[in-house]
Amino acid sequence: MRVLKSFEYFEPRTIGEASQVLFMYDIKAKVLAGGVDLVPSMRRHEIQPECVVSLQRIPGLDTIVRDEAECLRIGALTSLRSVELSPIIKKDFVALYEAVHQIASIQVKTMGTAVGNLCIATPASDVATALFVLGARLRIASVEAERIIPIENFFIGLHQTILHPGEIVTEVLIPSSSTEAGSAFLKLVRMATDVSKVNVAVAVTVTNNACKEAKVALGSVAPTVIRARKAEEFLKGRRLEHKTIVEAAELAAEETKPITDIRSTAEYRKEITKVLVRRAIQKALDRASS
Amino acid sequence: MRQQIIKFTVNGRQYELTIEPHMTLVEVLRDQLGLTGTKFSCGVGECGACTVLMDGKPTLSCCILAMSARDKNILTIEGLAERNLLHPIQKAFIDCGAIQCGFCTPGMILSTKALLDSNPNPTREEVKRGLAGNLCRCTGYVKIIDAVLAAAETIREGGKSYGQSE
């Protein structure tokens, strides 16, 4: 059995304490939430932190609540399984529900957290792609300050986020305005448990039969999850007829910068982006209209 | 120095152990407690062979630090039968021929228990979803799914555990 290299281990009781330790150890420290990514990476010896800071004993982080402003808040220790089983999310934040529901392993969903999934900063994150179109923001805390940023600004590259040493993402905030939109999430995988070849989320709002606003997010086709801004602009104000949707999907595919790897070729990813975006717009539209 | 003392309950028995923070739960269960029913296979959360129930939830013991199990209640395959009375899920796996090499079986059975505890009457599709995190390289899954459905039926009819295995 390949074992983990030893490390200093901390179980702080507050975010402040956790932040202090993380600041002290800087890049030599890793945050432990659910552990489904961290522990395997350490077992493969891909990462060997000198210090592991567990958030598991900090109270109040395992929550899904709707606050007075109808903003949905998902805490840093909330499991993917809790997200999947939340009636509010299934009803009002459909793209997020669909993204999490399609993650196959019950064990991974039970242990893994939504926030942890974001902090890995993989472009294949189904959760991130869904949250992009739901207008999610992240609350980031450190010892002395707190900031809230749009999720699009969180990722700066493959496995890279804007987090400074000592900063911790404490929750995801999803505005209630996103509930007016119809949303959908689709992905292409070889088998249910695999990482996405391409994933797509769409949210559209419709007034007088025309698209008022559209958001299209794409995963696994660039170093980070991206918004397909040209496609979004194109959709705005138009009637969402089949031809328009097809054209928007073409635009979205043009905005991708996929690579070829073991899961797919770049060319295939571009092609399949078109198909998934077309289907996701249609699905989101059906939901917005009904 | 780095050693820590943790307390937890495994199969109804309280333990107080000295461990190091880098130890995963599966190592402690197998190497310190001798509970080798929990299997170590892929080590990275792909196969589900190491699944145990922690406070009733299906948990990959290879992907969790033993420190995270502090004060928790853990059920491994050894804790399922009541003395020599097999649990209905175990009995169903035997009766349906859902076991070949047996390596995935402890994980399969504990995932099944988690599924049936929350959904006593699953459809075939729900069984597939409930076991999606457990790989079997022998059976092709059909008999495993049959066994889960059979166990569900037995449990629904009030069959708590089985003794009369001939």
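Notes on the structure in this doc start here.

What to know about the overall build of chain B
So, step 1. Within chain B, the regular secondary structure consists of five helices and five strands.
So, step 2. For a compact globule of 166 residues, the expected C-alpha radius of gyration is about 15 Å, and chain B comes in at 16 Å, within 12% of that figure.
So, step 3. By its C-alpha atoms, chain B is 50 × 30 × 25 Å across when sized along the principal axes.
So, step 4. For chain B, the proportion of its 166 residues judged to be buried stands at 48%.
So, step 5. Long-range pairs, those at least 24 residues apart, make up 61% of the contacts in chain B with a sequence separation of at least 6.

What to know about the interface of chain B and chain A
So, step 1. Taken residue by residue, the interface counts 25 residues in chain B and 26 residues in chain A.
So, step 2. Ranked by residue count, the leading element in the side of chain B that touches chain A is strand β4 (residues 57-60) of chain B, at four residues.
So, step 3. A class-by-class count of the residues in the side of chain B that touches chain A yields 10 nonpolar, 11 polar and four charged.

Some thoughts on the pairing of strand β3 (residues 51-54) of chain A
All names here are of chain A.
So, step 1. Judged from the three bridges that link them, strand β1 (residues 8-10) and β3 form a sheet pairing that is parallel. Among the inter-strand pairings, Y9 is bridged to a residue of β3, identified as V52.
So, step 2. One ladder, built from four bridges, connects strand β2 (residues 29-32) with β3; its direction is parallel. For A29, the partnering residue across the bridge sits in β3 and is C51.
So, step 3. As a crossover connection, the stretch from β2 through helix α2 (residues 38-43) into β3 is right-handed.

Thoughts on the sheet that holds strand β14 (residues 226-227) of chain A
Residues and elements named next belong to chain A.
So, step 1. Taken in spatial order, the four strands of this open sheet run β11-β12-β13-β14, and their pairing is antiparallel. The open sheet has two edge strands with one neighbour each: β11 (182-188) and β14.
So, step 2. By the bridge criterion, two bridges tie strand β13 (residues 210-219) to β14 in an arrangement that is antiparallel. Bridging from a neighbouring strand, A217 pairs with R227 of β14.
So, step 3. Sheet strands touched by helix α11 (residues 266-289): β11, β12 (198-207) and β13. Its angle to β12, the strand with the most contacts, is close to 35°.

Reading the values: the criteria
Residues numbered from 1 in each chain as written. Chains lettered and ligands numbered in written order. Predicted model: local features only at pLDDT ≥ 70, side-chain atom pairs only at ≥ 80, totals over all residues. Helix = DSSP H or I, 4+ residues; strand = E, 2+ residues; numbered from the N terminus. Rg over C-alpha atoms; globule rule 2.2 N^0.38 Å. Buried ≥ 20, exposed ≤ 12 C-beta atoms within 10 Å, placed from the backbone. Contact = placed C-beta atoms within 7 Å. Nonpolar A, V, L, I, M, F, W, Y, C, P; charged D, E, K, R; others polar. Pairing = 2+ DSSP bridges. Right-handed = clockwise from strand over helix to strand, strands pointing away. Axes fitted to C-alpha atoms, helices over the stretch in contact; angles between N-to-C directions.

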